[in-house]
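Architecture at a glance
What follows is each chain in one-letter form.
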Amino acid sequence: MKRVITFGTFDVFHIGHIRILQRARQMGDLLTVGVSSDELNLSKKGRAPVYPLSSRLEIIRSLRFVDNVFVEESLEKKREYILQQKADILVMGNDWQGRFDFLSDCCEVVYLPRTPSISTTEIIEVIKEI
Ligand code: C2G
């Protein structure tokens, strides 16, 4: 049984999110997703998420290719989360390329290419201009 773990805010859920989660799931038998808390998103992106944590958790939990969901409270706790969840592979989009290589002593670390031309930031900008 190969366990895959990934992390993200998944705010204003879009096709790039769907594709990375599907590809992550295909790399093993079980996919666990750490969803960033509202506070973590504020510290990472300098703004509160559009959708609160409770909605983002509900969206991710409802996907058929996601098996398990938990709250990611800090970027510094990755090792702890990986060990807790007994993950064999950490999958992240390549906007994080190299950032989690230090964890390769406890699991395989894989960066997948992002889906081009879509991001939450761009969606927010487009909506602002409508
Ligand atoms: N993603 C993607 N293609 C896009 C947009 C996002 O593949 N067009 C991927 C990102 O690379 C990431 C995942 O979708 O792996 C979630 O993206 P975000 O919600 O933006 O995640 P982020 O806030 O970067 O949080 O511990 C690290 C994090 O919590 C990652």
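Keep in mind it's a predicted model, so treat the numbers as computed, not measured.

**Points about the packing of aromatic side chains**
Counting across every chain of the model gives 5 aromatic pairs. For the pair F70 and Y81, a centre-to-centre distance of 5.0 Å together with 50° between the ring planes defines the contact as tilted. Of this pair, F70 sits in strand β3 (residues 68–72) while Y81 sits in helix α4 (residues 78–84), and the two are 11 residues apart along the sequence. Between F100 and F102, the ring centres sit 6.5 Å apart and the planes meet at 50°, which makes this aromatic pair tilted. By relative accessible area, which is 5% here, F100 ends up buried. Among the aromatic residues, those joined into a cluster by ring pairs are F7, F70 and Y81.

**Quick notes on the site of the ligand**
Around the ligand sit 21 residues, and of these K45, E72, K78, D95 and I118 come closest. Between the ligand and S36 there is a distance of 3.2 Å, counted from an oxygen atom to a side-chain nitrogen or oxygen. Between E72 and the ligand, the recorded distance is 2.6 Å, taken from a side-chain N or O atom to an oxygen atom. Of all the secondary-structure elements, those providing two or more residues to the shell around the ligand are β1 (3–8), α1 (15–26), α2 (38–45) and β4 (89–93). Grouping the amino acids of the shell around the ligand by side-chain chemistry returns 7 nonpolar, 8 polar and 6 charged.

**A word on helix α3 (residues 53–61)**
Every buried residue of α3 is accounted for by L53, R56, L57 and I60. For α3, the buried positions fall inside an angular range of 100° around the axis, keeping them on one side. Among the exposed residues of α3, those pointing more than 90 degrees away from its buried face are S54 and E58. Structurally, α3 contributes buried residues whose contacts are with α1, β2 (30–36), α2 and β3.

What counts and how
Residues numbered from 1 in each chain as written. Predicted model: local features only at pLDDT ≥ 70, side-chain atom pairs only at ≥ 80, totals over all residues. Heavy atoms only, no water. Phe/Tyr/Trp six-rings, centres within 6.5 Å; stacked < 30°, edge-to-face > 60°. Helix = DSSP H or I, 4+ residues; strand = E, 2+ residues; numbered from the N terminus. Buried < 20%, exposed > 50% of the residue type's maximum accessible area, 1.4 Å probe, protein only. Near = heavy atom within 4 Å. Polar contact = N/O pair within 3.5 Å; in protein donor to acceptor, adjacent residues only side chain to side chain. Nonpolar A, V, L, I, M, F, W, Y, C, P; charged D, E, K, R; others polar. Arc of directions from axis to C-beta. Contact = heavy atoms within 4.5 Å.

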